[in-house]
Amino acid sequence: MLFNSYAFLFSFLPAVLLAYFAAARHGAACASAVLAAASLVFYGVWDVRYVPLLLASIVVNYACSLRIRAAAGRRRKGWLALAVGANLALLGWYKYANFFARSAAALAGGQLGPFDTLFDNLVLPVGISFFTFTQIAFLVDTARGHVRERRFVHYLLFVTYFPHLVAGPVLHHREMMPQFADPANLVPRAGNFAVGTSIFVIGLAKKVLLADSLAPHANALFGAPGEATLLLAWGGVLAYAFQLYFDFSGYSDMAIGLARLFGVRLPLNFDSPYRASSIAEFWRRWHMTLSRFLRDYLYVPLGGNRRGPLRRHVNLMTTMVLGGLWHGAGWTFLLWGALHGGYLVVHHAWRAARARLGWGDGGRAGRCAGWLLTFGAVCVAWVFFRAPDVPTALAIVHALAGGDGIALPAALGARLGALRPLLEGAGVTWYLGGTTRFVATWGWVAVAGCVALALPNTQQIMRRWEPALDARLGAPSWLEWCPVPRHAVACGVLALLAVLSLDQPSDFLYFQF
């Protein structure tokens, strides 16, 4: 079920709110059970056949956590290794079996033969990456002795909680399970409804009004990269960069807003990542809960930066390549992860060299150069993230570098007057048709860029109302939300525009991960 659908907004969500607060009169356990059951219904609407798989994963992991907790020494490590291995095997089968089997067959110059149908029919359960990572973190923390709250109904709700189940944020048990047991969250509160609804509406507008409007312009490039020249390529890549940002950021806002209706605060997942002036800062701002997971449960256990610069670089590359593969089984995701690993290695090497030479940060000019370099590098990497295959990605990168020349619509050139000969002298050529697409693409990119780079983000708008766990509130914003009539009207208008655009709700991009 999609957050941006009439069925969810006007049927599922009101019914679950009424059922939850009615059940809450009988205690936290009853309320949690109702909310967990509703979350399973939410998941089952997508494909009811995978509900038993989700439940089996939860029961087995919970049982393993009890065994880990009861054991000590090597037996505890053994149970942990067994449980984590089982989770990775499940994820590997559904997500990577097809990719590795076909890659191996291609390298051997053969076919899969009778297994072809088996792999063709293998469907990736939605959200499996998120609920698998969530439970691996729980198991590791159990082995480390960090788990306090262990009631099964709260664990069940922690994993299945519908605001985050299919596309995150990646939750941590110590942040969530105490909130499910908090008596203060069992009573409907006007403040939570006002704040939660406002955050949800902002997220819905990001998705429906911005991300979905940018999608056709990104699809036009990635569907026909052979026709791209410099400006067409950059227009399509920027359209995708902002589409992905507003799609996933919008989903995360909606999840945070929905959780707040039940009195629960989710962790922040975005903090204006496209304003970052270094690649390390970008990863502290983009998909923050996944970055936290990769740092705490992969990079640090690998040794982090504790064993010298060379080992740190190896650990960074390993973490980012595996992070790329987590997003999808394909060479393009692997290359995307490798690119970001390389970016981080270069960043740390540059920072170390700068410190040895006694150079500062270059002041404002240095930060501007850092931002431009970081944003450009991120956009190039997005090409591999979005392209259907490596040759398509390389063709688009070639166009981004100007390898296919610079061309503009002829209809646009006819209106440039004296500027046209200057452009032709610089090598610009003209093509027939496509003027509307060209202008619309760059128009939407300009609008999206202004919103992402110049306007306050959601947590800055809602900074007075504790919008999320660990929210970085920053300085007061000129667009701060207050419970006053003019802000209610503005929020209502935004909601109306978004709802009127829901005639054909589209999937969220991160559903496929």
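Residues numbered from 1 in each chain as written. Predicted model: local features only at pLDDT ≥ 70, side-chain atom pairs only at ≥ 80, totals over all residues. Heavy atoms only, no water.

Colleague: Help me out: how do you make sense of unusual backbone geometry in this one?
Modeller: Leaving glycine aside, a negative phi is the common case for residues, and trans is the common case for peptide bonds. A positive phi angle, close to 50°, is found at Ser 272, a residue other than glycine. Mapped onto the elements of the fold, Ser 272 is located in the loop between helix H10 (230–261) and helix H11 (279–285). According to the relative accessible area criterion, Ser 272 is buried, its value standing at 2%. Unlike most non-glycine residues, Glu 466 shows phi in positive territory, near 45°. The topology assignment puts Glu 466 in the loop between helix H20 (458–461) and helix H21 (485–500). (Helix = DSSP H or I, 4+ residues; strand = E, 2+ residues; numbered from the N terminus. Buried < 20%, exposed > 50% of the residue type's maximum accessible area, 1.4 Å probe, protein only.)

Colleague: Is there a simple way to explain helix H6 (residues 128–143) in this structure?
Modeller: One full turn of an α-helix is made of 3.6 residues, so residues set three or four places apart face in the same direction. Between the first and last C-alpha of H6 there are 23 Å, a value that for 16 residues agrees with the 22 Å anticipated at 1.5 Å per step. Of all the 16 residues making up H6, 16 are buried; the element is thus mostly covered by neighbouring parts of the structure. Where H6 terminates, the next one or two residues include Gly 145, which has phi positive at roughly 80°. (Expected span 1.5 Å × (residues − 1).)

Colleague: What should I look at first to understand the packing of aromatic side chains in this one?
Modeller: Remark: the centre distance and the inter-plane angle together describe each pair of aromatic rings, the angle taken between the planes. A full pass over the atoms with the stated rule returns 53 aromatic pairs. The interplanar angle of 25° and the centroid separation of 6.1 Å between the aromatic rings of Tyr 6 and Phe 10 together place this pair among those described as stacked. With a gap of four residues between them, Tyr 6 and Phe 10 both fall in helix H1 (residues 6–24), about one helical turn apart. In this structure, Lys 95 packs its charged tip against the face of Trp 326, placed 5.2 Å from the ring centre. Positioned above the aromatic ring of Trp 430, the side-chain terminus of Arg 420 is 4.4 Å from the ring centre. (Phe/Tyr/Trp six-rings, centres within 6.5 Å; stacked < 30°, edge-to-face > 60°. Lys NZ or Arg CZ within 6 Å of the ring centre and 35° of its normal.)

Colleague: Is there a simple way to think about a nonpolar patch on the surface in this case?
Modeller: Taken together, the side chains of Trp 350, Leu 357 and Trp 359 present a nonpolar region at the surface, about 380 Å² in accessible area. Tracing the backbone through its elements, the reader meets Leu 357 in helix H14 (residues 331–357). (Patch = residues over 30% accessible without salt bridge, like charges linked within 9 Å, V, L, I, M, F, W, Y side chains within 5 Å. Areas by Shrake-Rupley, 256 points an atom, 1.4 Å probe, with all protein chains shown as cover. Salt bridge = Lys/Arg side-chain N within 4 Å of Asp/Glu carboxyl O.)

Colleague: What's the story with the domain arrangement of the chain in this structure? I'm lost.
Modeller: Reports of interface size often rely on the accessible area that becomes lost once the parts have come together. Partitioning the chain into domains gives domain 1 (6–188), domain 2 (197–268 + 447–512) and domain 3 (271–404). The C-alpha centroid of domain 3 is placed 29 Å from the C-alpha centroid of domain 1. Listed as interface residues are 17 residues of domain 1 and, on the opposing side, 16 residues of domain 3. Together domain 1 and domain 3 conceal approximately 1,400 Å² of surface at their shared face, both sides included; 68% is due to carbon and sulfur atoms. The largest contributions to the domain 1 side of the interface with domain 3 come from Phe 99, Phe 133 and Val 170, which together make up 40% of the buried area. At the junction of domain 1 with domain 3, the criterion picks out one salt bridge. The interface formed by domain 1 and domain 3 holds seven residue pairs in polar contact (both at pLDDT 80 or more) in total. Within the residue set of the side of domain 1 that touches domain 3, elements represented by two or more residues are helix H4 (73–107) and H6. (Domains from an automatic or database assignment. Contact = heavy atoms within 4.5 Å. Buried area = accessible area lost by both parts, 1.4 Å probe. Polar contact = N/O pair within 3.5 Å; in protein donor to acceptor, adjacent residues only side chain to side chain.)

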